[in-house]
Amino acid sequence: MALQNGHAKKQDYIKIGDEFTTYDPDLFILPKHYKDSIGSVLLPHGFIMNRIQRLAQMILQDYGDESITLLCVLKGGFRFCQDLMTSIGELNRSAEKSLQMNIEFIKAKSYVNDQQGSIMISSHGSPLNLEGKNVLIVEDVVDSGRTMEKLIEKVSEDKPKSLKVATLLLKRNKNSTGYRPDYLGFEIPDTIWLIGYGGFDYNDYFRDLDHIVILNEFGRKKYTR
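Per chain, the residues get numbers from 1 upward, laid out in the order the sequence is written. Whole-chain, interface and lining totals are the exception, using all residues; otherwise, since this is a predicted model, local features are given only for residues with pLDDT of at least 70 and side-chain atom pairs are given and counted only at 80 or more. No hydrogens and no water enter the side-chain calculation; it runs on all heavy atoms of the structure.

We count it as follows: UniProt positions are given in the numbering used here, feature names are shortened, and annotations may be inferred rather than shown by experiment.
Per an unreviewed UniProt entry, the recorded name for the protein is Hypoxanthine phosphoribosyltransferase, and the organism is Clytia hemisphaerica. Under the Pathway (unreviewed entry) heading, UniProt states for the protein: "Purine metabolism; IMP biosynthesis via salvage pathway; IMP from hypoxanthine: step 1/1."

Take a look at the structure:
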């Protein structure tokens, strides 16, 4: 079964509009050490998890009865990848189809503070061996699309059987290359800086938040290197 590269369709993701609704942080349980830095909550943890479960259903439907290698992009993609893998595993126990999974890791970095800088890509640990495999790159967010396109170019050199991308967030970046992932959780405006849910950090802080929240100005100054 050949699995071709595709793009997220309109009905396959949740769009957060430019006039979006957020929630008062006092309505949620948050770490005390970040209280002064959180402006509002955009995506509560339960909402994120339900969406990931839906993505797991879609992936199982597309790949079912095959095997797949999840290529987790560190550091940001680790929490999303872990929860996605867990959700697929839960479906494997009850769905008609079953998806065997393996996991590999790759590093890509394109931000310093809140400015886009140079892009660095490297494999993590031993060299990747992806030839002839169904590969699903798992990333936390796609911004301009340049980093992801470079990742796809690098992974394609290993000649995988198929290559797709799952990302939790996609920003509506005015400088976007036009790239869109195959599996997408949420499309969001480019005007907000998000932190939390393990992968969305500000200079490596805020990974210990379950929700995805908006960093306020005080937090930017406090945690700027």
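## Looking at the nonpolar core
Our working definition: Grouping buried Ala, Val, Leu, Ile, Met, Phe, Trp, Tyr and Cys residues that are joined through side-chain atoms within 4.5 Å yields what is termed a nonpolar core. The buried label goes to any residue with under 20% of its type's maximum accessible area, the exposed label to any with over 50%, and the partly exposed label to all in between, with areas taken from a 1.4 Å probe on protein chains only. Secondary structure elements follow DSSP: runs of H or I no shorter than four residues count as helices, runs of E no shorter than two count as strands, and numbering proceeds from the N terminus. The contact rule is simple, with two residues in contact once any of their heavy atoms fall within 4.5 Å.
Among the nonpolar cores identified, the biggest contains 36 residues, and Leu84, Leu136 and Leu168 are the most heavily contacted of them. Mapped by element, the contributors of at least two residues to this core are strand 2 (38-43), helix 1 (45-63), strand 3 (67-74), helix 2 (78-92), strand 6 (134-142), strand 7 (162-172), strand 8 (183-189) and strand 10 (212-215). Looking at this core element by element, the count peaks at nine residues for helix 1. In contact with leucine 84, not counting residues within four places along its chain, are Ile52, Leu55, Ala56, Ile59, Leu136, Val138 and Ala166. Counting residues in each nonpolar core, the second largest holds 19 residues, with Leu130, Ile137, Ile152 and Tyr179 among its members.

## Things to note about the pairing of strand 6
Definition in use: Two strands form a pair only when DSSP identifies at least two bridges running between them. With the strands pointing away from the viewer, any crossover whose connection runs clockwise from the first strand over the helix to the second is right-handed.
Most of strand 6 sits out of view: eight of its nine residues are buried. With four bridges connecting them, strand 3 and strand 6 associate as parallel partners. Its bridge partner being in strand 6, leucine 71 is matched across the sheet by isoleucine 137. Handedness of the strand 6-helix 3 (residues 146-156)-strand 7 crossover: right-handed.

## Looking at helix 2
Turn by turn, an α-helix covers 3.6 residues, leaving residues three or four places apart pointing in a common direction. Note the cut-off: To estimate the expected span of a helix, subtract one from its residue number and multiply by 1.5 Å.
End to end, helix 2 covers 21 Å across 15 residues, agreeing with the expected 21 Å (1.5 Å per residue, within 8%). Within helix 2 the residues assigned to the buried category are Arg79, Phe80, Cys81, Asp83, Leu84, Ser87, Ile88, Gly89, Leu91 and Asn92.

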